Every structure is written in C-alpha cells, then in structure tokens.
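So the chains spell out like this:
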Amino acid sequence: MASIQQDLLDLPLGDELAAFRAEVSGFFREQMARAPRHLDPRDLTGFDESFERDLLRAAGERGLLGMHLPREHGGGGRPLSYKAVFDFEAAYWNAPAIDTPVTLVAPQILAFGSPAQREAWLGPMIRGELLACIAYSEAGAGSDLSAIETRAHREGEGFVISGSKAHVTAAHKADLICLIARTDPDAPVRSGASILVLDMRSPGISVERRATMNGWTLGDVRLDEVRAGPDALLGEWNGGWAQMAAALRAERSGMFHVGWAVRNLEDLVAHVRAGGRIGVPRALARERLARLRCDLETALGFSLRVVAAQDAGNPEPHEASMAKLYATELLQRIARVATSLLGPAGSVLPGGPGAPVDGRFAWEYLERVHPTIGAGTSEMQREAIAAAGLELPRR
Ligand SMILES: Cc1cc2nc3c(=O)[nH]c(=O)nc-3n(C[C@H](O)[C@H](O)[C@H](O)COP(=O)(O)OP(=O)(O)OC[C@H]3O[C@@H](n4cnc5c(N)ncnc54)[C@H](O)[C@@H]3O)c2cc1C
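Throughout what follows, the structure given in this document is the object of discussion. (Residues numbered from 1 in each chain as written. Predicted model: local features only at pLDDT ≥ 70, side-chain atom pairs only at ≥ 80, totals over all residues. Heavy atoms only, no water.)

## Observations concerning the pairing of strand E7 (residues 217–228)
The condition is simple: For two strands to pair, DSSP has to find at least two bridges joining them. Runs of E in the DSSP output that reach at least two residues are strands. Runs of H or I that reach at least four are helices, and both are numbered from the N terminus.
Note that strand E3 (residues 158–168) and E7 share 7 bridges and pair antiparallel. Bridging across to E7, Phe-159 finds its partner in Ala-228. Of the pairings in the sheet, the one linking strand E6 (residues 205–211) to E7 comprises 7 bridges and is antiparallel in character. When the sheet's bridge partners are listed, Ser-206 is paired in E7 with Arg-222. Joining the antiparallel neighbours E6 and E7 is a turn of 5 residues, in which Gly-215 adopts a positive phi near 90 degrees.

## Focus: the site of the ligand
For the record, the criterion: When at least one non-hydrogen atom of a residue lies within 4 Å of a molecule or strand, that residue is treated as near it. For this analysis, a polar contact is any N or O atom pair within 3.5 Å, provided that within protein one partner can donate a hydrogen and the other can accept it, and provided that sequence-adjacent residues contribute only side-chain to side-chain pairs. Using a 1.4 Å probe, accessible areas were evaluated by the Shrake-Rupley method; residue-level cover was limited to the displayed protein chains. Following the grouping adopted for this structure description, the nonpolar residues are Ala, Val, Leu, Ile, Met, Phe, Trp, Tyr, Cys and Pro, the charged ones are Asp, Glu, Lys and Arg, and the polar ones are all others, Gly among them.
The environment of the ligand is formed by 18 residues, the closest being Ser-137, Ser-143, Thr-169, Thr-377 and Glu-379. In this structure, His-167 approaches the ligand through a main-chain N or O atom, which is 3.1 Å from a nitrogen atom. Between the ligand and Thr-169 there is a distance of 2.7 Å, counted from a nitrogen atom to a side-chain nitrogen or oxygen. Protein contact buries 63% of the 970 Å² of open area that the ligand shows by itself. Those elements giving two or more residues to the shell around the ligand turn out to be strand E1 (132–135), E3 and helix H13 (378–389). When grouped by side-chain class, the residues that make up the shell around the ligand number 9 nonpolar, 8 polar and 1 charged.

## Remarks on the packing of aromatic side chains
Filter applied, for reference: Between rings of Phe, Tyr and Trp, where Trp is taken as its six-membered ring, a pair exists when centres lie within 6.5 Å; planes separated by under 30 degrees are stacked, by over 60 edge-to-face, and by other angles tilted. Categorising residues by exposure relies on relative accessible area from a 1.4 Å probe, with only protein chains included: less than 20% of the type maximum marks a residue as buried, more than 50% marks it as exposed, and the intermediate range marks it as partly exposed. In this analysis the charged atom, NZ for Lys or CZ for Arg, is taken to sit over a ring once it is within 6 Å of the ring centre and within 35 degrees of the ring normal.
One pass over the structure, following the stated rule, counts 9 aromatic pairs. Ring centres 5.3 Å apart and planes at 20 degrees place the aromatic pair Phe-159 and Trp-237 in the stacked group. Here the residue Phe-159 occupies a position in strand E3, and Trp-237 occupies one in the loop between strand E8 (233–234) and helix H8 (240–250), the gap between them amounting to 78 residues. For Phe-159, a relative accessible area of 3% corresponds to the buried category. Look at Phe-256 and Trp-260: their rings are 5.4 Å apart centre to centre, the planes differ by 90 degrees, and that puts the pair in the edge-to-face class. Here Phe-256 and its partner Trp-260 are both found in helix H9 (residues 255–273), 4 residues apart, which amounts to about one turn of the helix. Each member of the pair, Phe-256 as well as Trp-260, carries the same accessibility label: buried. These aromatic residues form a ring-pair network of at least three members: Phe-27, Phe-28 and Phe-86. The residue whose ring lies beneath Arg-263 is Tyr-92, and the NZ or CZ to ring-centre distance is 4.7 Å.

Below you can see the structure in the form of structure tokens.
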C-alpha cells in the first residue's frame, strides 16, 4: 500500500520539481540513517550540532539548500516551490534542516542587503556553512513587537547595541544573529528601529539556554554594549520595522508543518494497521484516523495555495496565516488523537516503561504547542485572517 507521502508524490508538481523532490527525499533518507548516533534532546532539532552542520554542508554541496535563491549568489534560480518541497521532505524525514539561514535570514539579505553583504553572507548560507538566528522577540515584546527595548546607536563608523532578546531559536549554536533594535528612541518604532546582523562571537553577546516543555532549549540573548562595524546594518537606518514586516510576510509556506503531520499520521496509522496495542475500539480508531487523513489534505491544500501564490509573486499574508494556523493545529490534533487511541500508555514519554511507538506521541503532545506560538501565535494568525482576509473592523 502506498504511504501518505507517496500519495502526495503523485501531485501535479511537474517533472522537474518532482525529480527535485525525489532527490531531496533520497538525500534525507540516506543522511538520517546515521542520525540515531547523534541524538541531543536539548537541541530543538533533536540532534547534535556536528550532525546538523555536516548535514547542511552536504545539502549545500549537492545544491539543495538555495534552489530558490538567485544563481548569481550560488543559488538555483528556481521558484519558491523548490524551497517548499525541500521543507516538506526535511520535516518528513525529521532532518535538522528547517530553521536554516536560507529560510531565516537570506530573504532579508537578498531584499535589503548591500552588494557587499550579499556577497559575504549568501554564498556561505547556500553552501550550508553557517548557522543563523533571528532575534525580534524580547521578554516584554512578542506578539506586539512595537514594545522592543533593545537599543543601538552610532559610534564612529559603527554601532553599539545593548539589550536582551528572548526565545531565540538556535541562538546557542548560531554564527550570526539578525536582530531588530530601537535606533531612534524619540520616534515611533515604525520609523525608529533598524535591523542589524552581528557575529555571535562578538564581545558582549551571551546566550542563556532556557528549556521548553520538552527539554530542548530556546535562547535568551544578552547584548552588553556590543560593538559592530558599519557592515552590520542591514538596509535602512530606522527602516527596520518595514523590513521586518516584509520578511515576516514573505517567510514561509508552512510545508514543513505538513511534512511533520504526514509523517506522524503515517506512523500512527502503521501502528494501528499492524495490530499494535490501542486503548479504544478499532472502529473508533478507524473513524478518527479517517478524519485526520481528510484534515491532512486540507492542510496540504492551504500550503500549496501559498506556494502557488509565492511562485506567481503575489502572496497574500492572510493565506500564509491560514496555512500556518490549520497545519499547526492539525499537528496538535494528531498528537491528541494518538495519545487517546493508545490508551493510558500513550501518555508515557520516550524512555518510560511500556511507551508505545517509543513514547513518540506523548512527546508530540507537548511538542506541538510550540508551533502554535512561534512565528506568530494562533490568536495573532486569526487576527490577521480577520483583518486582511475578511476586512473586519477592529472595533
Ligand atoms: C518554539 C518557539 C520558537 C521561537 N523562536 C523565536 C525566534 O527564533 N526569534 C524570535 O524573535 N522569537 C521567537 N519566538 C518567540 C515568539 O515569536 C513569541 O513567543 C510569540 O510571538 C508570542 O509572544 P509572547 O511569548 O511574548 O506572548 P504574548 O505576545 O505575551 O502573548 C500571550 C498570549 O496573548 C495572546 N495575544 C497577544 N496579543 C493578542 C492580540 N492582540 N489579540 C489576541 N490575542 C493576543 C497571544 O496569542 C498569547 O496567547 C519563539 C517562540 C517559540 C514558542
């Protein structure tokens, strides 16, 4: 019987994109075979840094990382659907290749960087030689980023940056940090903030790792009078708010959420199909799994719509919100259904006694809260859909 992933392979991707997908899938299958020797539960990817760096370099050498970036910088010059396919397969194979610099930072460098900055950073990102993080959030500024307090001022040719950033993905291992800081404290943030890209080894930067519900960590980044040269400024001085908003809008199609959902549902179905122990009548399991299979198709539909709009150059922000909202909440539903189908043992975490499917779904149950918060909470996605999609007045 074909897997759900195989079903999706039959989508009308076009020959070239389908071939790329098969190549990426084969690459991850091969690379992930040695992953069990590199587990690190404190890292968000689940793997140690050396494995992640090796995998990214290998992907870079094969030309898989920057297919959607311009050829002049070493990319493949293809549409964003190539990136979506890469993200889907990375998630399906649970590979540490989701929050890569080509996803997090390259779009901003491409859109707003000087020729020298593009030259310096894009090539290494596309070759998989760098890890990067983005630091917008602060302890008092998450959904409402206008409350940021990190500051930067000019000193001589360069800048001095002070403040703290919170919940930063991959901060403890990143080579570069892309952050937003207030640069004109007397102006409203929309005309008084700038984006800076700093070397994480700069004196004055320190990272404290904070455990999430599943034990892996996000980083609190302290910036203590960090000095940076003139090439740290990305784009316009005091033009950072519009740049950040554009980057967040352009960010993602959510195909990696769909990739995780496909894998999780496949594994759950495989357990039930093989007669694995469950704590509910089989008829109920069949009904619940059939519902999730339909939901998966809806999630895929939303994401493909975003991908098509991105390829056509006219993405609608609220469509990306719908894709993210639906897929991340589907991930939670799959985990909820799984833990209830598996009965009381379904809540035993990995390594615990008698954990079915290696405790995978108990872990998923906790884990899938995170995507409904990071990169904009579900409430904020609904806000965006109501405002931009439905044009509903705020009052
Ligand atoms: C796994 C993960 C990874 C992350 N990675 C990064 C990263 O790499 N870089 C980075 O900068 N940040 C990152 N973040 C931070 C993330 O962007 C923020 O946590 C998120 O924007 C929410 O901000 P907050 O935590 O301050 O919650 P708050 O903004 O304080 O929100 C608290 C609650 O109130 C709700 N709420 C707030 N405002 C409204 C409103 N207007 N209408 C309705 N409801 C509202 C929210 O939905 C939420 O439920 C990450 C977070 C997580 C969980």
